[in-house]
Amino acid sequence: MSTTRKAHLQIHFCVLLWGFTAILGKLITLPALPMVWWRMLIVAVALLLFPRVWRGLRAMPVKLIGAYAGIGALVALHWLTFYGAIKLANASVGALCIAIAPIFLAFIEPWVARRRFDPRELLMGIGVVPGVALVLGGIPGGMRTGLLIGVLSALFVALFSAFNKRMVEHADPLTVTCIELGSGTVFLTLLAPLLPHTGALLPVPGLHDTLLLLVLSLGCTLLPFALALGALRHLSAFTTQMTTNLEPVYAIVLAIPFLGEQRQLDGLFYLGVVIILSTVFLHPWISRKKPTRVPGEILGTAEAKNLGE
């Protein structure tokens, strides 16, 4: 098997694993906040077992650590709202909201990167509106709050992706991920008392949830992270973006056999999904001249693998 073909298979496998994160988010019985807190903590602690991460931490200026810690708070807010959307609606709705993230990124990245806005990206934003309208009409009324929170999650994805892209070359990606997820854990610890809750703020999960959290953290975050780091060295920016755009497709398809969500949604929802995803897949074509992706922007955020450009 050629190196390029192997890299293609690795990236598709990574995207499949990322697609499972929405399913696991629905299967884990913990509320969104403690689930995200445990996930970030597990990944950060696991990364601290790598000597490479400690070397990166010792070499990094304090100011840069602070900048990555700030991005980590955005990552925490993304995961919190993403899993909140899944709990309030379902995995398909949460995954669809991730598909909207590139639309927000098209508007946010020029501001963060201090570059001129491309009018073609405005067309992409307009193109997704009919799809969102159809999705709103295709979900039960009780899920619409979840959809709105999911859209907020997509906004946080765009924000941390844009800031990570701006700082992508300044440090080792494993070290950056450890800082961001570790600081995200601290941020959620401070945020927890301010949010409505019943019972313990950050409860210890039972055996069922512990096993699923380990799969989510190690199998669907660290494993694809490591595989993608190697695969990206052999793939073009265009190929990578087109493949990672499949993540919400995988998640929505997986939600049918694992969760039976097709019984909760009607044809309008799936028609809206097709329109939104068509717009998202069009984006790499209209921006094909952008710089090549680099591994450093792969954050251990399984749902939104904006792998950088």
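Scroll up to find the structure this text is about.
Predicted model, so just to flag it, every value in this text is computed and none were measured. (Residues numbered from 1 in each chain as written. Predicted model: local features only at pLDDT ≥ 70, side-chain atom pairs only at ≥ 80, totals over all residues. Heavy atoms only, no water.)

1. As for the packing of aromatic side chains
For the structure on display, the rule yields 5 aromatic pairs. Centre to centre, the rings of W37 and W38 are 5.0 Å apart; their planes meet at 90°, and the pair counts as edge-to-face. Note on W38: relative accessible area 19%, which makes it buried. Above the plane of the ring of W79 lies R39, whose end atom (NZ or CZ) is 3.9 Å from the centre. (Phe/Tyr/Trp six-rings, centres within 6.5 Å; stacked < 30°, edge-to-face > 60°. Buried < 20%, exposed > 50% of the residue type's maximum accessible area, 1.4 Å probe, protein only. Lys NZ or Arg CZ within 6 Å of the ring centre and 35° of its normal.)

2. Considerations on the environment of V43
With respect to the helices and strands, the residue V43 is situated in helix α2 (residues 32-47). Relative accessible area serves as the criterion here: at 1%, V43 is assigned to the buried category. In sequence terms V43 and P257 are 214 residues apart; their C-alpha atoms lie 28 Å from each other. What V43 contacts, discounting residues up to four positions off in sequence, is L181, S217, T221 and L222. (Helix = DSSP H or I, 4+ residues; strand = E, 2+ residues; numbered from the N terminus. Contact = heavy atoms within 4.5 Å.)

3. Brief notes about the pattern of salt bridges
A full pass over the atoms with the stated rule returns 1 salt bridge. A salt bridge links R52 to D172; the shortest N-O distance between them is 2.5 Å. Of this pair, R52 sits in helix α3 (residues 51-59) while D172 sits in the loop between α8 (144-166) and α9 (173-191), placing them 120 residues apart in sequence. (Salt bridge = Lys/Arg side-chain N within 4 Å of Asp/Glu carboxyl O.)

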